[in-house]
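These are the residues of each chain, in order.
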Amino acid sequence: EENGQFVQIPVRPDWSDPTDLLGYTDLSGSFRVGKVTKVLLEASKPDNKHKPYFICLDEMNLARVEHYFSDLLSILETKRWKNGEIITDHVLPTHHLSGQDLETYGKLIIPDNVYFIGTVNMDETTYPFSKKVLDRANTIEFNYIDLLSFPDEEELKTELKPIAVQNHV
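Residues numbered from 1 in each chain as written. Predicted model: local features only at pLDDT ≥ 70, side-chain atom pairs only at ≥ 80, totals over all residues. Heavy atoms only, no water.

### Some points on a nonpolar patch on the surface
On the surface, Ile-140, Phe-142, Ile-145, Leu-147 and Phe-150 cluster together into a nonpolar patch covering about 650 Å² of accessible area. Within the secondary structure layout, Phe-142 lies in the loop between helix H6 (131-135) and helix H7 (153-156). A relative accessible area of 65% means that Phe-142 is categorised as exposed. (Patch = residues over 30% accessible without salt bridge, like charges linked within 9 Å, V, L, I, M, F, W, Y side chains within 5 Å. Areas by Shrake-Rupley, 256 points an atom, 1.4 Å probe, with all protein chains shown as cover. Salt bridge = Lys/Arg side-chain N within 4 Å of Asp/Glu carboxyl O. Helix = DSSP H or I, 4+ residues; strand = E, 2+ residues; numbered from the N terminus. Buried < 20%, exposed > 50% of the residue type's maximum accessible area, 1.4 Å probe, protein only.)

### A closer look at the sheet that holds strand E7 (residues 114-118)
Here we have three strands laid out as an open sheet, ordered E1-E4-E7, and parallel in their pairing. Strands at the two margins of the open sheet, each flanked by one partner only, are strand E1 (6-10) and E7. Each strand axis lies, on average, 20° off the axis of its neighbour in the sheet, ignoring direction. Pairing between E1 and strand E4 (residues 53-58): five bridges, direction parallel. Within E4, the residue paired with Gln-8 across the bridge is Cys-56. Contacts between helix H2 (residues 35-44) and the sheet are confined to E1, E4 and E7, with E4 contributing the most and set at about 170° to the helix. (Pairing = 2+ DSSP bridges. Axes fitted to C-alpha atoms, helices over the stretch in contact; angles between N-to-C directions. Contact = heavy atoms within 4.5 Å.)

What follows is the structure, encoded as structure tokens:
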């Protein structure tokens, strides 16, 4: 988080559309930027294209993923090569933007250095995933966790520092 290349977004149970992630135009006509849009804008800067950016949707099945993430899933499906780069369709509908907002966010895509991660718990308070979501995901399932295999307190006192890595296509 310190280097700005990781953001954790807690999913709320009341999410029913992508505005909490992407943003929305308020009653005065101003665009209110969502957390994902902020990351996409930062990752798209020429100086940052070589850096990986991670967006973690925490507890993503507290709300129906198909309701708040389906627009992004559809955009991810539009990946294609153009002039040696992987690009997608634009993230935000331009008819909701005007002036400086249109110039700043109108051509925003999901760059190839952005990775979406989601955490889930499967219990009676969560929603199951649809086949559309599972078809577009890589899943890692933890059925058994050995708590005794975690490091002891002395090992945890060592401060970890982020390692700069390159994003390769």
